[in-house]
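Each chain is listed here by its residues.
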Amino acid sequence: MTAGFQSRIRAWFSFRNLFLAIFLLALLLRLFFLDLKLFHHDEAVHAWFAWKLMTEGSYAYDPMYHGPFLYYVTAGMFTIFGDSDLVARILPALFGAAIIPVIYWIHTLGYLDQRQTLVASLFVAVSPSLVYFSRFLRHDIFQLFFTVLILAAILAYLERGRLRYALLTGLAIGCGMSLKEDMPIFLILLAVFALFLILRKKIRLPDSWLRDSVVGLIVAVGIMVVFYSSFGIHPEIIQTGWIRAYEHWAAMHGMCRICGPWFFYILLFLLYEVPIFLLAIFGTAQFAVRHNPVPSLISRFRGGEKAGQETLVGPSPEIRPAHPVQPAAWDRKELFFLFCIFWMLSSIAAYAYIGEKVPWLIIHQILPMIFVSVYLM
């Protein structure tokens, strides 16, 4: 009887059941009393533009208010379910929770084990920053979802070499680039790291990679053209939009409109994300030690003689090195975590440099930090 009860307990607490419980917890935290608080100023602006798009059919890209994806999907929600604070926040909540199934996909590809997957998913589910900005009508949580989707789709493409994953990568890039002007930060980091791996011959690209890359790029550019041109209503944005975006945000960086010190986000980590922050530091240190081992030395002293309770050591002790610690093999999981560390540190540096210091930008640094925090967990 005891053995049967224990087996039932193990079945209840299986990996899949625990993962499902974490995902349901994430949904609960994001959807429960979703309209409890009034709109933040930025939420009101975004909802207003979406409402005007729904009622008047008018929208033109303005870099001050970021990309068009948010306005079109929110206008679609208003059209289907009616316009309200609750309806406006449903998609941010769902996209924020949807990051967790993408983490599960990364696990099925072999880059995270079960414990790492559960803990990373739990951190995403309960992180104060990720929960709050999943209940907030801004572009960032959508952008974060497409960021992790790009990563997972590329990993799947490298593993299986199928065109569908290149198409999915292009879809995610197109949607992410139609959200916010800081999306290129992640894409540049990804391209730099991929080039490093290719030059070091750490990865092997599928035979059809050139064709698949071109097709994926066409999909990404096509999505951007459709959204930024307002479905063909404002074709001039295709020529001028990217210039205006650069000029606007370069000016905002120069004038320091919403200033803060370079360590602004570190203070937020220490206020709201202490477990993730400290574990990410520990995970980075673990990674460094595993790949830069210091051979230990065992000193063996000869020639000593005892005098009462004391041991006298001769002047020329013999020191022999022990077997040196072997560095960890550079398998695909180690390369994945190397990228996550590179992504984390580069994101922290980039957002420390950018003049605009606003709380929602913390989530683009938290996600790679979560992956690093579960290294060797």
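Residues numbered from 1 in each chain as written. Predicted model: local features only at pLDDT ≥ 70, side-chain atom pairs only at ≥ 80, totals over all residues. Heavy atoms only, no water.

### A closer look at the environment of Ala288
Spelled out, the test is: The helix count covers DSSP runs of H or I at least four residues long, the strand count covers runs of E at least two residues long, and both are numbered beginning at the N terminus.
Note on placement: Ala288 falls in helix α14 (residues 274-291). The sequence separation of Ala288 and Pro327 amounts to 39 residues, and the corresponding C-alpha distance is 9.9 Å.

### Regarding the packing of aromatic side chains
The description of an aromatic ring pair uses the distance of the two centres, along with the angle that the planes make with each other. Where we set the bar: Stacked, edge-to-face and tilted are the three classes for Phe, Tyr and Trp ring pairs, Trp counted by its six-membered ring, which pair at centre distances within 6.5 Å; planes under 30 degrees apart are stacked, over 60 edge-to-face, the rest tilted. Three labels apply to residues, based on accessible area from a 1.4 Å probe with only protein chains included: buried if under 20% of the type maximum, exposed if over 50%, partly exposed otherwise in between. Whether a charge sits over a ring depends on NZ of Lys or CZ of Arg being within 6 Å of the ring centre and within 35 degrees of the ring normal.
What the rule picks out here adds up to 42 aromatic pairs. Here the aromatic rings of Phe15 and Phe19 are separated by 6.4 Å at their centres, their planes lie at 40°, and the arrangement is tilted. Taken together, the residues span about one helical turn, with Phe15 and Phe19 both in helix α2 (residues 15-31) at a distance of four residues. For Phe15, a relative accessible area of 12% puts it in the buried group. Seen in terms of ring centroids, Phe336 and Phe371 are 5.7 Å apart; in terms of plane orientation they differ by 75°. Their pairing is edge-to-face. Residue Phe336 is found in helix α15 (residues 332-353), and its partner Phe371 is found in helix α16 (residues 363-373); the two are separated by 35 residues along the sequence. The pair Phe336 / Phe371 is uniform in exposure class, with both members buried. Sitting over the ring of Tyr111, Arg332 keeps its end group 5.3 Å from the ring centre.

### Comments concerning unusual backbone geometry
In this structure, Phe33 is a non-glycine residue whose phi angle is positive, near 50°. Looking at the secondary structure, you find Phe33 in the loop between α2 and α3 (41-56). Of note in the backbone geometry, His66 takes a positive phi value of approximately 65° without being a glycine. Secondary-structure assignment places His66 in the loop between α3 and α4 (69-81). Taking relative accessible area as the criterion, His66 reaches 7% and is therefore assigned buried.

### A look at the pattern of salt bridges
For clarity, the cut-off: Between Lys or Arg on one side and Asp or Glu on the other, a salt bridge is scored when a side-chain nitrogen of the former is within 4 Å of a carboxyl oxygen of the latter.
Scanning the entire structure with this criterion turns up nine salt bridges. The residue Glu356 makes a salt bridge to Arg257 at a minimum N-O spacing of 2.8 Å. You can see Glu356 sitting in the loop between α15 and α16 and its partner Arg257 sitting in the loop between α12 (236-255) and α13 (264-272), a full 99 residues away along the chain. Residue classification places Arg257 among the partly exposed residues on the basis of a relative accessible area of 43%. Here the salt bridges do not stand alone but share partners, grouping Asp42, Arg138, Asp140, Lys180 and Asp182 into one network.

### Brief notes about the nonpolar core
Put simply, the rule reads: Think of a nonpolar core as a cluster: buried Ala, Val, Leu, Ile, Met, Phe, Trp, Tyr and Cys residues, connected wherever their side-chain atoms sit within 4.5 Å. Two residues qualify as a contact provided that any one of their heavy atoms is within 4.5 Å of a heavy atom in the partner residue.
Within the largest apolar cluster, 99 residues are counted, with the highest numbers of intra-cluster contacts made by Ile99, Ile106, Phe146, Tyr265, Phe336 and Phe371. It is helix α8 (residues 140-160) that provides the largest number of residues to this core, a total of 14 residues. Once you skip the residues sitting within four places of it in the chain, Phe336 turns out to touch Ile106, Tyr111, Leu112, Leu151, Leu155 and Phe371.

### Describing α16
Summarising burial for α16: 11 of the 11 residues are buried, a large majority. Within α16, burial applies to Ile363, His364, Gln365, Ile366, Leu367, Pro368, Met369, Ile370, Phe371, Val372 and Ser373.

### Some thoughts on the confidence of the model for the chain
Quick reminder of the rule: pLDDT is a per-residue confidence score from the predictor, ranging from 0 to 100.
Predicted confidence across the chain gives a mean pLDDT of 90, with 90% of residues reaching 70 or more. Scored below 50 in pLDDT, residues 296-319 makes 30 contacts in the model with residues more than four places away or belonging to other chains.

### Things to note about a nonpolar patch on the surface
We count it as follows: Patch members must show over 30% relative accessible area and no salt bridge, and they are joined within 9 Å when carrying like charges or within 5 Å when they are nonpolar side chains of Val, Leu, Ile, Met, Phe, Trp or Tyr. For the area figures, the Shrake-Rupley method with a 1.4 Å probe applies, and any residue is considered shielded solely by the protein chains shown.
Together, Leu25, Leu28, Leu29, Phe32, Phe33, Leu36, Leu122 and Val126 give the surface a local cluster of nonpolar side chains, amounting to about 730 Å² of exposed area. The element that contributes the greatest number of residues to the nonpolar patch is α2, accounting for three residues. By the secondary structure assignment, Leu25 is in helix α2. The class for Leu25 is partly exposed, based on a relative accessible area of 31%.

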